[in-house]
Every structure is written in structure tokens, then in C-alpha cells.
Amino acid sequence: MSTDLIHPGNPVEPFLRTDRMPHIWCPGCGIGTTVNCFSRALIESCMNVNDMAIVSGIGCTGRVAGYVNLDSFHTTHGRAIPFATGLKLANPKRQVVVYSGDGDLFAIGGNHLIHAARRNIDLKVICVNNLIYAMTGGQTGPATPGDVITSTAPYGTFDPAFNLPYLTEAAGAVYVARWTTFHVRQITKTMQEMFSKKGFCFLEIVSPCPTLYQRRNKMGDGLDTMKYYKAMSKVKHGANTKDVPLSRQGEIIVGKFVDIERPNYMELMRNKLHDSLGEQYVETDELTCEEATSCSDCS
Ligand SMILES: Cc1ncc(C[n+]2csc(CCOP(=O)(O)OP(=O)(O)O)c2C)c(N)n1
Ligand code: SF4
């Protein structure tokens with residue numbers, strides 16, 4: 001009997017840089033689960049991985065870019081979205097995925113995120129929300145709910161947290177969904193949907209950080225968090241994003257909240273230039289390399 005049949009390879013292995021293992025993530029951390037879902041979404045959507053690029057900022061989630069076997073970029077803190085925007089505009093045929101933490105995307109990177117959503121840049125943004133700045137020691141972040149102990153709030157947080165789906169929809173995203181790391185099949189399906197949708201798509205994945213968040217708040221380990229997610233999640237597709245804030249131990253509303261159509265940045269730009277320049281307008285991807293680089297104005 002063939003040994004291949006007895007020990008079939010893990011199907012997600014081709015999508016990982018296994019030479020970089022072991023990874024840095026703690027036992028019970030949810031980030032690895034999201035990467036497994038991402039790899040399965042790539043398999044199931046039959047994506048040509050050569051057409052995809054993935055961009056992360058800095059943080060525990062930011063390490064994803066280094067572990068996936070794609071064209072991947074580990075950029076500076078909060079700058080994943082502008083980097084990805086440049087990548088997308090330079091090569092519109094690329095599927096560009098931004099994969100980063102709640103702090104990276106909504107604190108230092110918050111300004112970039114709202115403007116990319118406003119412009120409807122064709123990016124797929126995956127945010128692992130562990131409710132905290134994990135990599136730097138568990139400080140309060142923009143998504144930390146009230147009444148939580150963090151390294152910077154030893155008596156409990158009191159500043160209001162961002163509701164990430166509400167903020168992202170208000171800024172202009174055409175697709176907004178939320179799941180927890182308990183919902184592995186739903187995450188995979190949502191990622192597949194995002195890959196085939198044009199425009200600014202946002203997926204929030206609520207994820208455990210047993211080392212810094214659960215431990216300080218006496219919430220147990222990764223398995224306890226899965227039980228909590230299972231018990232407290234309520235699927236409400238189409239829910240008004242205003243009604244889905246997260247709290248310390250309350251209900252977690254999950255599902256696909258927004259799925260609308262509106263012209264993306266490239267379409268708007270193309271239409272505008274076409275209207276203004278008429279016959280003179282030439283699609284960038286119709287230019288030869290020589291034409292694109294031999295403009296007499298700049299040579
Ligand atoms: C300009 C700059 N400011 C601050 C930092 C420190 N820093 C590194 S990661 C991080 C926060 C990461 O939090 P989050 O994005 O939520 O990711 P997590 O680690 O929780 O996955 C911060 C503040 C930095 N690297 N660069
Ligand atoms: S510190 Fe938290 S988020 Fe970072 S790897 Fe450990 S469990 Fe995961």
C-alpha cells in the first residue's frame with residue numbers, strides 16, 4: 001500500500017512557509033486558526049496564488065504575512081493599507097489582501113482605513129480582533145471593550161470602543177462581515193466571497209489572546225474562549241451595524257452585515273479620465289512597456 005495514502009500531506013501546507021515554523025503564536029491563540037481558514041479559502045476558491053499579494057502591518061497578527069507562501073509584505077505599523085493601495089493601483093489585476101490586527105488597522109492605521117473604504121479601493125481587509133494590543137504587552141486598544149483589565153488600565157477600561165463593522169460601513173465599505181474563530185467554515189466561506197467581490201471588503205474575526213487578554217481578565221484559556229464564543233454568538237445576517245458593538249462578556253452578533261454595489265476607485269478614475277480626455281485616454285494595461293516609460297514630458 002502506498003505510504004501517501006496512509007500519511008496524506010496537510011492540504012494547507014503548500015500555502016505556508018513551513019521553513020519558518022515553529023511560529024511565534026502562543027498556545028490557544030486564534031491567529032493560526034484564521035490562517036488555516038485563509039488557506040482553505042484559497043484552495044476552495046481555486047485562486048491562482050500567483051495573482052495574489054498579502055500585506056500586514058506590525059503585531060502578532062502582522063506576522064501572518066511572513067508565514068504564508070504568497071507574495072507577502074510585512075510593512076510598518078499602521079501602514080498596511082496605503083502599501084496595499086499602491087500595490088493595487090500599480091497592478092489592478094492583483095488580488096490584494098490586507099491581514100492585520102485591530103490596533104494596526106484602527107489606531108495608528110485608522111486614517112488610512114477610512115479613506116480606503118471611502119474611495120472603495122479594491123482591497124480585501126481581514127482584521128483579527130483580539131480586543132487588545134497584544135504584541136506590545138496587552139495595552140488598551142481602540143477595540144478594547146469597557147470594564148476590561150489591560151496593562152494600561154489596571155482598574156478597568158472606561159473609554160468607549162470602536163464598533164468595527166459600524167465604522168467600516170460608515171466609511172464606505174461594500175462588504176462587511178464578522179465571525180469568531182469558533183466559526184471556521186463561515187470564515188472560509190466569507191473569505192471566498194470577498195475574493196470574488198470588487199471593492200473594499202472587510203472581515204472582522206474576533207479571536208482569543210489567552211496570554212494577555214484572558215489571563216488578566218480571568219477568562220481561562222483558548223478552549224474556554226471557544227466555549228464562550230459558541231454560547232454567546234448569535235448569527236444575524238443583515239444586522240444593522242450600529243447594533244453590533246462588542247462588550248466584555250455579552251452577546252457577539254456575527255454574520256454578513258453589508259453586501260452592496262458601488263463603483264470602485266479604479267472604475268471612477270477610468271470613467272472620469274475617459275470623460276475628460278476622450279480619445280486621448282488610453283487604458284494603462286493597453287500601453288506597451290516602451291510607451292509607458294517613454295513619455296516625452298519626463299524623459
Ligand atoms: C510606529 C510604531 N508605533 C508603535 C509600535 C509598537 N507596536 C508594535 S505592534 C503594536 C500593536 C499591535 O496591536 P494589534 O494591531 O492589535 O495586533 P496584535 O498584536 O494584537 O495582533 C504596537 C503599538 C511600532 N512597532 N511602530
Ligand atoms: S500574545 Fe496573544 S495575540 Fe499574541 S500570539 Fe500570544 S495569544 Fe496570540
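Quick note: structure is the one above.
These numbers were taken from a predicted model, which means no experiment stands behind them.

Caption draft 1: Inspection of the packing of aromatic side chains at higher detail. Taken as a whole and assessed by the stated rule, the structure comprises six aromatic pairs. Taking 5.6 Å as the distance between ring centres and 75° as the angle between the ring planes, the aromatic pair formed by F106 and F202 counts as edge-to-face. Of this pair, F106 sits in helix α5 (residues 102-108) while F202 is found in strand β6 (residues 201-206), placing the two residues 96 residues apart along the sequence. Given a relative accessible area of 0%, F202 falls into the buried group. For the pair Y228 and Y229, a centre-to-centre distance of 5.9 Å together with 45° between the ring planes defines the contact as tilted.

Caption draft 2: Just the sheet that holds strand β2 (residues 71-74), in detail. Across the sheet, eight strands lie side by side as β2-β1-β3-β4-β6-β5-β8-β7; this open sheet has mixed pairing. The outermost strands of the open sheet, each flanked by one partner alone, are β2 and β7 (233-235). If you compare each strand with its neighbour and ignore which way they point, the axes differ by 20° on average. Direction of pairing for strand β1 (residues 52-56) relative to β2: parallel, over a ladder of four bridges. The residue bridging A53 from the neighbouring strand is D71, located in β2.

Caption draft 3: Quick look at the site of ligand 2. Lining the immediate environment of ligand 2, one finds W25, C26, C29, C60, N130, A134, C209, P210, T211 and L212. In terms of residue class, the shell around ligand 2 is made up of eight nonpolar, two polar and no charged.

Caption draft 4: Up close: the environment of M219. Positionally, M219 belongs in the loop between α9 (210-216) and α10 (222-232). Judged by its relative accessible area of 18%, M219 falls in the buried class. C-alpha separation for the pair M219 and Q249, spaced 30 residues apart in sequence, amounts to 9.6 Å. Discounting chain neighbours no more than four positions away, the residues touching M219 are Y213, Q214, D224, R248 and Q249.

Caption draft 5: Region of interest: the pattern of salt bridges. Summed over all chains, the structure comprises eleven salt bridges. Linking R94 and D71 is a salt bridge whose minimum nitrogen-to-oxygen distance equals 2.8 Å. Taken together, the residues span a long stretch of sequence, with R94 in the loop between α4 (80-90) and β3 (95-101) and D71 in strand β2 at a distance of 23 residues. Put simply, E193 and K256 hold a salt bridge, and the shortest N to O gap is 3.1 Å. Here K256 lies in strand β8 (residues 252-259) and E193 lies in helix α8 (residues 184-195), a separation of 63 residues in the sequence. Here E193 falls in the partly exposed class, since its relative accessible area comes to 26%. Exposure remark for K256: the relative accessible area of 26% places this residue in the partly exposed category. Three or more residues joined by partner-sharing salt bridges are found here, namely K189, E193, K197, K256, D259 and E261.

Caption draft 6: Representation of the site of ligand 1 in the model. Around ligand 1, a shell composed of 16 residues is seen, among which C60, T61, G103, D104 and N130 lie nearest. Between ligand 1 and T61 there is a distance of 2.8 Å, counted from an oxygen atom to a side-chain nitrogen or oxygen. Interatomic distance of 2.9 Å between a backbone N/O atom of G103 and an oxygen atom of ligand 1. Contact with the protein chains covers 72% of the free accessible surface of ligand 1, which is 590 Å². Sorting elements by how many residues they give to the shell around ligand 1 places α5 first, with four residues. Its residues assigned to classes, the shell around ligand 1 shows seven nonpolar, seven polar and two charged.

How each quantity is defined
Residues numbered from 1 in each chain as written. Chains lettered and ligands numbered in written order. Predicted model: local features only at pLDDT ≥ 70, side-chain atom pairs only at ≥ 80, totals over all residues. Heavy atoms only, no water. Phe/Tyr/Trp six-rings, centres within 6.5 Å; stacked < 30°, edge-to-face > 60°. Helix = DSSP H or I, 4+ residues; strand = E, 2+ residues; numbered from the N terminus. Buried < 20%, exposed > 50% of the residue type's maximum accessible area, 1.4 Å probe, protein only. Pairing = 2+ DSSP bridges. Axes fitted to C-alpha atoms, helices over the stretch in contact; angles between N-to-C directions. Near = heavy atom within 4 Å. Nonpolar A, V, L, I, M, F, W, Y, C, P; charged D, E, K, R; others polar. Contact = heavy atoms within 4.5 Å. Salt bridge = Lys/Arg side-chain N within 4 Å of Asp/Glu carboxyl O. Polar contact = N/O pair within 3.5 Å; in protein donor to acceptor, adjacent residues only side chain to side chain. Areas by Shrake-Rupley, 256 points an atom, 1.4 Å probe, with all protein chains shown as cover.

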